[in-house]
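A look at the structure
Take a look at the letters that make up each chain.
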Amino acid sequence: MIEQLPKAFLSRMKDMLGDEYDDFLKSYEHPRHFGLRVNNLKISTEEFLKKSPFHLTPVPWTKNGFYYQEEDRPARHPYYTAGLYYLQEPSAMAPAAILPVEPGDFVLDLCAAPGGKATELGARLSGKGMLVANDISNSRAKALLRNIELCGIRNSFVTNEIPGNLAKLMPEFFDKILVDAPCSGEGMFRKDIAVAKTWDETRPDFFANLQRDIVSNAIHMLKPGGIMLYSTCTFAPVENEGTISFILENFPEMELLPIPKQYGFSQGNPKLGNGNPELEKCVRIFPHKVEGEGHFLALLQKKGTLYPSSHHIKSTCDKESWKLLNEFWSNGTIPFEKERIEVRNQNVYYLPPADNHYKGIHFLRNGLFLGELKKNRFEPSQPLALALTAEDFPSILNLNSQDERISRYLKGETLLVAEGESTSAKGWQLVCVDGHPIGFGKLVNETLKNKYPAGWRINH
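Heads up: these notes are all about the structure in this document. What you see is a predicted model; the values in this text were computed from it and never measured. (Residues numbered from 1 in each chain as written. Predicted model: local features only at pLDDT ≥ 70, side-chain atom pairs only at ≥ 80, totals over all residues. Heavy atoms only, no water.)

Right, let's get into unusual backbone geometry. Residue Pro114 is bonded to the preceding Ala113 through a cis peptide linkage, with omega at 5°. Assignment of secondary structure puts Pro114 in the loop between β5 (106-109) and α6 (116-125). Phi angles above zero are rare outside glycine, and Glu172 is one such case at about 45°. The class for Glu172 is partly exposed, based on a relative accessible area of 36%. The residue Glu446 is not glycine, and still its phi comes out positive at about 60°. You can call Glu446 partly exposed: its relative accessible area is 43%. (Helix = DSSP H or I, 4+ residues; strand = E, 2+ residues; numbered from the N terminus. Buried < 20%, exposed > 50% of the residue type's maximum accessible area, 1.4 Å probe, protein only.)

Written as structure tokens, this is what we have:
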């Protein structure tokens with residue numbers, strides 16, 4: 001594989017690494033590492049390990065991250081369709097693990113697609129506060145929304161905007177910001193050699209200019225006292241220490257915070273930036289020192305006192321809509337706050353607990369899409385099913401992960417249900433695998449009419 005790597009890239013890495021260069025080269029002879037991150041919004045790490053059928057070993061820098069073996073194929077297991085975990089390259093788990101997000105924070109993931117870091121940030125909010133997950137690409141933002149829905153995040157605002165537009169409308173709005181910046185992708189070469197084939201010597205400078213525009217807007221959106229994590233999956237100095245040097249030179253209100261240098265992490269190199277010794281507080285992750293592909297991280301704080309975020313929500317859920325929701329829940333307890341429910345064009349949404357109706361922002365989803373009001377009834381959505389627990393709904397059909405009907409359900413087929421298998425003999429059922437929701441169905445005369453959406457169905 002080494003012969004396929006760009007010569008200019010190798011020459012620069014040799015200058016950067018010195019005595020470590022040979023070890024760096026040898027890392028390309030090793031197979032890539034596969035990672036799985038448990039979604040603690042749906043299941044604790046301890047509970048998942050008790051039922052996991054995979055060969056897992058811990059990723060040391062995050063409590064809910066694990067290496068798995070390629071033959072495990074977790075994307076084909078029904079637990080994946082229940083959103084119990086997200087598949088993510090191990091070193092890419094570090095940024096969301098290091099950004100200190102707490103329940104109730106207002107959090108922005110500015111370059112969020114496809115959602116590996118955003119879904120972890122959303123899980124750590126535990127439904128409190130707000131996650132704004134943005135991507136400039138519409139197609140990538142759609143993939144981002146799908147992953148946020150799969151992971152059951154209720155309090156997200158998924159946007160499709162350029163950073164400058166967001167900055168104009170959300171100044172000093174966020175407690176925490178993650179900028180996993182677009183980059184030249186040198187840390188992806190071992191994972192995907194096609195990335196190496198698109199690399200040339202101009203790409204680091206091109207992305208560095210882009211990154212400096214992005215971080216400038218991100219800093220504008222960060223509250224005084226707020227914290228920003230900047231990361232890339234490249235080794236290029238101009239995109240790493242270079243971009244952090246730019247921040248420190250142009251934004252005196254920003255200061256670097258230390259990141260623990262353990263797990264095989266290396267410190268930043270001031271010589272690769274403007275010589276500021278503070279750059280040693282950054283972290284470099286190299287594939288010859290850890291079991292991962294490579295990353296760069298810098299944690300920064302804006303000087304000042306952090307003030308609490310405001311919460312102003314006005315419900316648009318009228319009495320008739322609330323009546324239909326209650327009927328769907330068989331007059332059980334609806335696990336949503338009424339004041340956060342919005343009805344718009346017969347569509348029902350559960351809004352984040354924040355005043356986030358910003359005119360001019362292009363967004364794909366504001367909150368959780370609950371379903372539609374149709375001819376005096378409520379029709380639930382797939383995202384609603386994935387945001388519930390088995391205890392949240394009065395009628396459950398719980399199937400074992402080995403039950404062949406799970407595969408048939410995920411393909412959209414009708415199922416036969418024996419008497420007593422479900423908690424009610426008819427009507428809407430929350431279909432679960434080992435107690436974890438995967439979708440809805442409607443039971444009529446021991447036959448489950450499949451409500452798993454066509455766009456979510458699997459072919460294998």
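In an α-helix, one full turn covers 3.6 residues, which means residues spaced three or four apart are oriented alike. Most of helix α11 (residues 241-250) is tucked away, with eight of its 10 residues classed as buried. Inspection of α11 places Glu241, Gly242, Thr243, Ile244, Ser245, Phe246, Ile247 and Leu248 among the buried residues, and these make up the whole buried set. Looking at the packing, one finds that the buried side of α11 touches α10 (203-221), β9 (222-232), β10 (254-257), β12 (283-285) and β13 (295-302). (Contact = heavy atoms within 4.5 Å.)

Turning to the sheet that holds strand β14 (residues 341-344), a few remarks are in order. Note on sheets: strands pair through backbone hydrogen bonds, and any given pair is parallel or antiparallel. Taken in spatial order, the four strands line up as β14-β15-β17-β18 in an open sheet, and their pairing is antiparallel. On the outer flanks of this sheet lie β14 and β18 (377-380), each paired with one strand and no other. Going across the sheet, the axis of each strand differs from the next one's by a mean of 30°, ignoring polarity. As paired elements, strand β15 (residues 347-350) and strand β17 (residues 368-374) share four bridges and run antiparallel to each other. Bridged to Tyr350 within β17 is Leu368. Most of the contacts of helix α12 (residues 319-328) go to β18, to which it runs at about 60°, and overall it touches β14, β15, β17 and β18. (Pairing = 2+ DSSP bridges. Axes fitted to C-alpha atoms, helices over the stretch in contact; angles between N-to-C directions.)

Here the focus is the packing of aromatic side chains. Under the counting rule described, the total for this entry stands at 31 aromatic pairs. On the numbers, 5.8 Å between centres and 65° between planes, the contact of Phe328 with Trp428 is edge-to-face. With a gap of 100 residues between them, Phe328 in helix α12 and Trp428 in strand β21 (residues 427-433) connect regions that are remote in the sequence. The residues Phe328 and Trp428 share a single accessibility class, namely buried. A network of ring pairs unites the aromatic residues Phe328, Trp329, Phe336, Tyr350, Phe378, Phe393, Trp428 and Phe440 as a single cluster. A cation over an aromatic ring shows up here: Arg344 above the ring of Tyr349, its NZ or CZ 4.3 Å from the ring centre. (Phe/Tyr/Trp six-rings, centres within 6.5 Å; stacked < 30°, edge-to-face > 60°. Lys NZ or Arg CZ within 6 Å of the ring centre and 35° of its normal.)

In terms of nonpolar packing, the biggest core is built from 37 residues, with Val179, Met228 and Ile244 touching the most fellow members. Top contributing element to this core by residue count: α10, with five residues. If we ignore the near neighbours within four places in the chain, the residues touching Ile244 are Tyr230, Leu256, Leu279, Cys282, Phe296, Ala298 and Leu300. Counting residues in each nonpolar core, the second largest holds 36 residues, with Leu99, Leu121, Ala141 and Ile227 among its members. (Core = buried A, V, L, I, M, F, W, Y, C linked by side-chain atoms within 4.5 Å.)

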